[in-house]
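Listed below, chain by chain, are the residues.
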Amino acid sequence: MPNERESAGPSNSDQGSEVSEAQIAVHWREEGYYYPTAKFIGQANASDPAIRERFSEEHFPECFREYADLLDWDQYWHTTLDTSNPPFWKWFVGGRLNASYNCVDRHLPKARNRAALIWVPEIESEETRTVTYGELYARVNEFAAVLKDFCGLKAGDRITFHMPMVPELPVAMLAAARLGVIHSEVFGGFSGAACGDRIADSDSHVLVTIDGYWRNGQVSDHKVKADEAIARAAELGGRIDKVLVWRRKQGEYLSDTPMVPGRDFFVDDLLKDYKDRIVEPVSMPAEAPLFLMYTSGTTGRPKGCQHSTGGYLAYVAGTSKFYQDIHPEDTYWCFADIGWITGHSYIVYGPLALGTTSVMYEGVPTYPDAGRPWRIAERLGVTTFHTAPTTIRMLRKLGPDEPTKYRYSFKHMTTVGEPIEPEVWRWYYDVVGKGEAAIVDTWWQTENGGFLGSTLPALQPMKPGSCGPGVLGVYPVIYDENGDEVPAGSGRAGNICIRNPWPGIFQTIWNQPDRFVQLYYEKYNRDKNSTDWHDWPYFAGDGAMKATDGYFRILGRVDDVVNVAGHRLGTKELESAALTVPEVAEAAAVPVIDELRGRVVEMYVSLKPGYSASAEMEDKVSKALEIQIGKIARPKSVWIVPDMPKTRSGKIMRRVIAGISNFGEVGDISTLANPDIVDTIRHHVQAKKLAQGDVGRELTKEEREEIEAYGSAD
Ligand code: WTA
């Protein structure tokens, strides 16, 4: 580990000078360290290096008592980690608690009048809304009463939310948690069909939605998606009894779709009957599921990642305290969407468990201009800022000097969701953070509940492009395909795995326990009868390299998932969406390197006999992806090709077309049944790209490897 507490500012002097490091430098320059300021260190929650000793492997798993002790328990647990049924780990067994109580009630004596949420609407002239802890308590209780008495929901039932970034979403989450009802929030930008899939999979009978919301200066009709979702869920055997519709603006209805009598209810109408109602929080076992968060995998069916109450909440509270450096008096702004895991853990549960003020913003970062986030930060006095590389790239491109025009001052900033390029990191540090804010680059996944890789902001220096070492109590390792460890500083990448369980790890894939074991544990399991956690490394599905200082550099997914602007889209999901167009015979989705969004999707399709390529057909495919998944999945291009490159067994070789789309190598095509098609496709696609002024760019070694490996998980 590098020396701690050196002088502030960048330095290149501490670099490991081993030959192996120098070899990495051939294609990737080893970056210098940046050190946090003395001012930051002076106020940090984790500033005593002894904390690392407390979480060292010899103190595992008891070290996590320190996280659990950040919560109020109705009943203390007797077993910190139960490994008797691997890999279905159980944390804090015997303990009971309520997540809503921990995020709301317990703060009242000290912080009744402190803002819990500050909500900034997209329209700049519309008033910012503050919800104090006292008001949050009242609203959560009233909505919990609606769920309990009007909807008849009880502990263990599921409820689906399809909500955008409005304060009613955290209110609804905490109301469900109060009753032990398992919530499943579907990202508001997802389509009705995608929501319907998740309703059916989770077997929810109540859907909570909103009439509309602002997005990029326009009102987006959202209620229409509820009708689509219910229709889709019904096709899959699901059933929704009640739809609760919040209204974005009092007294108005922003949707064109009619309310269905007996099924759809305005929440504001219902609440009149539940005014001032108090609902006792239900004391839940630590291992009771708190929520499901769906994410993409290598097959079409989304995976409902099931997160626990005790382990999850302890983990997000602990990591929010030590890695986000959240203090109750901070004004903390995580510029992500609550519809993703980042928002669940680091807008709602972590910050509120610690009793801080969490800012929510309704709209897009650059509305009405690229100075918007910095105006918000200045006006609200934001101390701590958290966002994704895709947003940072966009703000840098559209307003490189905007941050200098505003007098906000961040002490801490986070980047999450995708690898960040060192140049982009430096802009974030120098311009957004004004050279003062400590940055954490946090690596983790929907499945993980909270951070896995990051620097401790006051204790471990930053290194652009690297997330840092494993976080407290998490011991990562890189394995090659044979399960041998790839040593630090070897310059070789491999599969990053976590050797041990941690409290935030998801419990299972909802209703798919076998798939859970197969996808995350089978690959490196040493003995399936062993109840020793050492035999069950967690396979994260990311490629990574470890440098001699123990810092990890994450290269991206090794499976068929395209990470678009920090959001995981499954190849199979994209392809099945394209196949809903009746004329399409075959479809293949590939990732294309994109300067702004990290990766974007290009869709290759071949048509059934009798149909021919046209711009309308391309549109139809594009539209299908938008309808089935959401705008985020809209492909950069749709290429209609006469045939796909295939192996003799008929498997589409995605890496070949991925190579073409990226102006890269197509690799070995000798095993193809139809090798001639490769040149035909290349000519067609690249000529069109060049005509559009898209010449691609030279790929880095890692990007090349990623593209060449694409589709190999088939
Ligand atoms: C990628 C988001 C590099 C990674 C919290 C992972 C990252 C996937 C980073 C999970 C980071 C996330 N640096 N890559 N700091 N953070 N990733 O489930 O490929 O939406 O597997 O969770 O994003 O995406 P997910």
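Refer to the structure printed above.
Residues numbered from 1 in each chain as written. Predicted model: local features only at pLDDT ≥ 70, side-chain atom pairs only at ≥ 80, totals over all residues. Heavy atoms only, no water.

A. Up close: helix α10 (residues 223–235). In this model, α10 (13 residues) spans 19 Å end to end at C-alpha, consistent with the 18 Å of a helix rising 1.5 Å per residue. Buried within α10 we find K223, K225, A226, A229, I230, R232 and A233. Projected down its long axis, α10 carries its buried residues within an arc of 165 degrees, all on one side. Of the surrounding elements, those touching the buried residues of α10 are α9 (192–202), β8 (206–210), β10 (218–221), β11 (242–246), β12 (264–266) and α19 (615–628). (Helix = DSSP H or I, 4+ residues; strand = E, 2+ residues; numbered from the N terminus. Expected span 1.5 Å × (residues − 1). Buried < 20%, exposed > 50% of the residue type's maximum accessible area, 1.4 Å probe, protein only. Arc of directions from axis to C-beta. Contact = heavy atoms within 4.5 Å.)

B. Representation of the site of the ligand. Inspection of the region around the ligand gives 18 residues, with D441, T446, D542, R557 and R568 positioned closest. E418 is positioned such that a nitrogen or oxygen atom in its backbone is 3.3 Å from a nitrogen atom of the ligand. Here a nitrogen atom of the ligand and a side-chain polar atom of D441 are 2.7 Å apart. Against a free-state accessible area of 530 Å², the protein chains account for coverage of 96% of the ligand. When contributions to the shell around the ligand are tallied by element, the ones reaching two or more residues are α13 (341–353), β20 (438–442) and β25 (552–557). For the shell around the ligand, a count of residues per class yields 6 nonpolar, 7 polar and 5 charged. (Near = heavy atom within 4 Å. Polar contact = N/O pair within 3.5 Å; in protein donor to acceptor, adjacent residues only side chain to side chain. Areas by Shrake-Rupley, 256 points an atom, 1.4 Å probe, with all protein chains shown as cover. Nonpolar A, V, L, I, M, F, W, Y, C, P; charged D, E, K, R; others polar.)

C. Quick peek at the nonpolar core. Core analysis: the biggest nonpolar cluster contains 120 residues, and F64, L136, F143, L147, L244 and Y349 have the highest contact counts within it. In this structure L136 touches V104, A116, L117, V131, V171, L174 and L352, once residues within four positions along its chain are discounted. (Core = buried A, V, L, I, M, F, W, Y, C linked by side-chain atoms within 4.5 Å.)

D. View of the sheet that holds β20. The mixed open sheet is built from 7 strands, whose spatial order is β5-β4-β17-β16-β18-β19-β20. Sheet topology places β5 (129–132) and β20 at the edges, where each strand pairs with a single neighbour. Across the sheet, the mean angle from the axis of one strand to that of its neighbour is 20 degrees, orientation sign disregarded. Strand direction decides the pairing type here: strand β18 (residues 384–387) and strand β19 (residues 412–416), joined by 4 bridges, are parallel. Residue pairing in the sheet places F385 in a bridge with M413 of β19. Of the strands in this sheet, β4 (115–120) and β5 touch helix α7 (residues 133–150), which is tilted by about 80 degrees from β5. Where helix α16 (residues 422–432) meets the sheet, it contacts β18, β19 and β20, and its direction lies at approximately 160 degrees from that of β19. (Pairing = 2+ DSSP bridges. Axes fitted to C-alpha atoms, helices over the stretch in contact; angles between N-to-C directions.)

E. Quick look at the pattern of salt bridges. Taken as a whole and assessed by the stated rule, the structure comprises 52 salt bridges. The shortest N-O distance in the salt bridge between E66 and R54 comes to 2.8 Å. You can see E66 sitting in helix α4 (residues 65–68) and its partner R54 sitting in helix α3 (residues 50–54), a full 12 residues away along the chain. Here R54 falls in the partly exposed class, since its relative accessible area comes to 36%. (Salt bridge = Lys/Arg side-chain N within 4 Å of Asp/Glu carboxyl O.)

F. Layout of empty space enclosed by the protein. Under the definition given, this model contains 4 cavities of 30 Å³ or more. Computed from the structure, the largest cavity encloses a volume of approximately 80 Å³. Together, W89, K90, W91, A286, E287, S308, G311, P503, I505, F506 and Q507 line the largest cavity. Grouping the amino acids of the lining of the largest cavity by side-chain chemistry returns 6 nonpolar, 3 polar and 2 charged. (1 Å grid on protein atoms, 1.4 Å probe; cavity = no way out; pocket = protein on both sides within 12 Å on 5 of 7 lines; lining within 4 Å. Points joined across faces, edges and corners; volume = space filled by probe spheres on them.)

G. Just α13, in detail. Within α13, 13 of the 13 residues are buried, which leaves the element mostly enclosed by the surrounding structure. Count one or two residues on from α13 and you reach G355, which has phi positive near 75 degrees.

H. View of the packing of aromatic side chains. One pass over the structure, following the stated rule, counts 54 aromatic pairs. The interplanar angle of 70 degrees and the centroid separation of 4.8 Å between the aromatic rings of Y34 and Y429 together place this pair among those described as edge-to-face. Of the two residues, Y34 sits in the loop between α1 (19–27) and α2 (38–43) while Y429 sits in helix α16, which places them 395 residues apart along the sequence. Each of the two residues, Y34 as well as Y429, counts as buried. Over the ring of Y408 we find K434, and its NZ or CZ is 3.8 Å from the ring centre. Positioned above the aromatic ring of F539, the side-chain terminus of K523 is 5.6 Å from the ring centre. (Phe/Tyr/Trp six-rings, centres within 6.5 Å; stacked < 30°, edge-to-face > 60°. Lys NZ or Arg CZ within 6 Å of the ring centre and 35° of its normal.)

I. Structural detail: the environment of A540. Secondary-structure assignment places A540 in strand β24 (residues 538–546). Placed 18 residues apart in sequence, A540 and V558 show a C-alpha to C-alpha distance of 9.2 Å. Apart from the residues lying within four places of it in its own chain, the contact partners of A540 are W443, Q445, I496 and R557.

J. Just unusual backbone geometry, in detail. Backbone torsion omega between F60 and P61 reads 0 degrees, so that peptide bond is classified as cis. Of note in the backbone geometry, D203 takes a positive phi value of approximately 55 degrees without being a glycine. Topologically, D203 is positioned in the loop between α9 and β8. Positive phi, close to 55 degrees, is recorded for N216, a residue that is not glycine.

K. Seen up close, the sheet that holds strand β21 (residues 476–479). The antiparallel open sheet is built from 4 strands, whose spatial order is β21-β22-β24-β25. Both edges of this open sheet fall to β21 and β25, since each of them pairs with a single strand only. Each strand axis lies, on average, 45 degrees off the axis of its neighbour in the sheet, ignoring direction. As paired strands, β21 and strand β22 (residues 494–498) are joined by 4 bridges and run antiparallel to one another. Opposite P476, over in β22, you have I498 as the bridge partner.

As far as function goes, none of this settles anything; it's purely spatial.
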